[in-house]
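Structural description and commentary
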Amino acid sequence: MSSRKKPAPVKKKKSQQRLSVGSLLTIAQLSKDDVELILKTAAELKAAFTRGQADRSLQGRVLAGIFEKSSTRTRVSFETAMFQLGGVMLYLAGRDLQLGRGETIADTARVLSRYVGGIIIRTDAHRKVVEMAREASVPVINALTDYAHPCQVLADLLTMQERFGKLKGLRVAYVGDGNNVARSLIYGAAKTGIELALASPLGYEMDKDTVELSESVRVQNKGALYLTMDPQRAVAHADVVYTDVWVSMGQEKDQAQRVRALKKYQVNDKLMSYAAPHAVFMHCLPAHRGQEVTDEVIDGKQSIVFTQAENRLHTQKAILKLLMK
Ligand code: CP
Ligand code: NVA
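The residue count restarts for each chain, going from 1 along the sequence in the order it is written. Labels follow written order: the first chain is A, the first ligand is 1, and so on. It should be noted that, the model being predicted, local features are given only for residues of pLDDT at least 70 and side-chain atom pairs only at 80 or more, the latter also being counted only at that level, while totals for whole chains, interfaces and linings use all residues. As a rule here, side-chain values come from all non-hydrogen atoms in the structure, and water together with hydrogens is ignored.

1. Some words on empty space enclosed by the protein
A 1.4 Å probe that fits into a set of points on a 1 Å grid over the protein atoms alone but cannot get out defines a cavity; an open set with protein on both sides within 12 Å along at least five of seven lines defines a pocket, and lining residues are those with an atom within 4 Å of a point. Grid points are joined across faces, edges and corners, and a volume is the space filled by probe spheres set on the points. Taken as a whole, this structure holds one cavity of 30 Å³ or more when the rule is applied. Reported here for the largest cavity is a volume of approximately 50 Å³. As for the largest cavity, its lining consists of Thr26, Ile27, Ala28, Tyr147, Ala148, Arg183, Ser184 and Tyr187. Per-class residue counts for the lining of the largest cavity are five nonpolar, two polar and one charged. Residue polarity is assigned by list, with Asp, Glu, Lys and Arg as charged and Ala, Val, Leu, Ile, Met, Phe, Trp, Tyr, Cys and Pro as nonpolar; anything else, Gly included, falls into the polar class.

Okay, here's the thing in structure tokens:
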């Protein structure tokens with residue numbers, strides 16, 4: 001009989017089942033495990049949906065959807081997600097609510113919490129979403145503010161993961177305005193170990209706080225952030241080339257100035273030629289064709305913008321299920 005001891009069983013990390021947060025306001029506040037759990041749940045929900053298997057996790061549940069800004073994807077994907085999960089979303093245009101006539105965010109949050117099981121809100125100032133989450137007794141989800149668009153970037157991460165089978169070490173180039181989407185992308189990249197290059201002109205670059213505050217998470221996950229004003233440098237050898245509009249909602253009065261400043265940051269065939277041959281093009285949409293991207297690129301073979309838009313549905317189902325169930 002052998003006297004050799006049996007090797008100690010390898011302790012498997014218990015996979016996380018719940019999010020560490022009760023609301024989703026930014027990617028910054030999610031842990032790395034939270035991001036992984038959302039992506040895993042989204043991939044499972046997508047696969048089940050594709051097989052024709054219904055998931056009725058939110059049977060009979062109601063979501064309030066407050067929109068103070070326009071939306072196609074976010075509104076329709078959240079409404080569809082709730083319907084397919086067995087619940088319903090109430091579309092509430094900000095101007096039709098008493099909120100639009102001066103009722104406070106706090107009172108609105110307290111009242112809605114007595115009726116519904118969750119609130120999504122699209123608004124301008126990020127502090128409104130923060131206040132809504134503080135005052136509500138149900139989960140609150142940021143459906144876009146001037147500061148962040150976390151639901152978009154979580155769907156983007158799912159899209160990249162599907163395409164490349166990994167996120168760690170992926171080379172992503174964001175070209176254009178250092179806006180809400182770019183900021184969420186910085187945090188999304190930092191949490192997942194993506195190597196992100198960001199090219200923006202002077203005056204439209206990412207704020208220092210975002211760069212500095214995301215640094216420790218980036219280092220921990222072995223990600224990288226490279227900031228430049230040169231779009232060709234950012235795109236060189238990239239796996240993903242990403243852009244967004246030059247004039248975000250609420251910035252219309254600066255339109256002419258922005259278009260002038262960002263002109264050299266258009267994603268066109270020439271710029272795409274600097275990326276890796278297998279590179280994909282991504283855009284959160286809506287696109288302003290002829291400005292930040294040409295028709296050739298967005299309609300070309302490398303574009304995955306509609307899969308990206310589709311993945312909003314699956315990712316948001318995951319977020320809703322994890323927060324509201
Ligand atoms: N990408 C995105 O949030 O699109 P909508 O503005 O149409 O919701
Ligand atoms: N940066 C854009 C994103 C739209 C989905 C905006 O805020 O208008």
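So that's the structure; there's more coming.
2. Regarding the pattern of salt bridges
Any Lys or Arg side-chain nitrogen located within 4 Å of an Asp or Glu carboxyl oxygen qualifies as a salt bridge. Following the criterion strictly, the structure yields 17 salt bridges and no others. Taken together, the salt bridges that share partners define one network made up of Asp107, Arg110, Arg134 and Glu135.

3. A few points about the pairing of strand β8 (residues 240-243)
Regular strands place their side chains on alternate faces of the sheet. Both faces of β8 are covered, namely the face carrying Val240 and Tyr242 and the face carrying Val241 and Thr243. When DSSP locates at least two bridges between a pair of strands, those strands are taken to pair. Strands here mean DSSP runs of E at least two residues long; helices mean DSSP runs of H or I at least four residues long; both are numbered from the N terminus. Both strand β5 (residues 171-175) and β8 contribute to a ladder of four bridges, which runs parallel. Bridge pairing in β8 links Val175 to Thr243. The pairing of β8 with strand β9 (residues 280-283) spans four bridges and is parallel. Its bridge partner being in β9, Val241 is matched across the sheet by Phe281. Buried means the residue's accessible area, taken with a 1.4 Å probe over protein chains only, is under 20% of the maximum for its type, while exposed means over 50%, and partly exposed covers the values in between.

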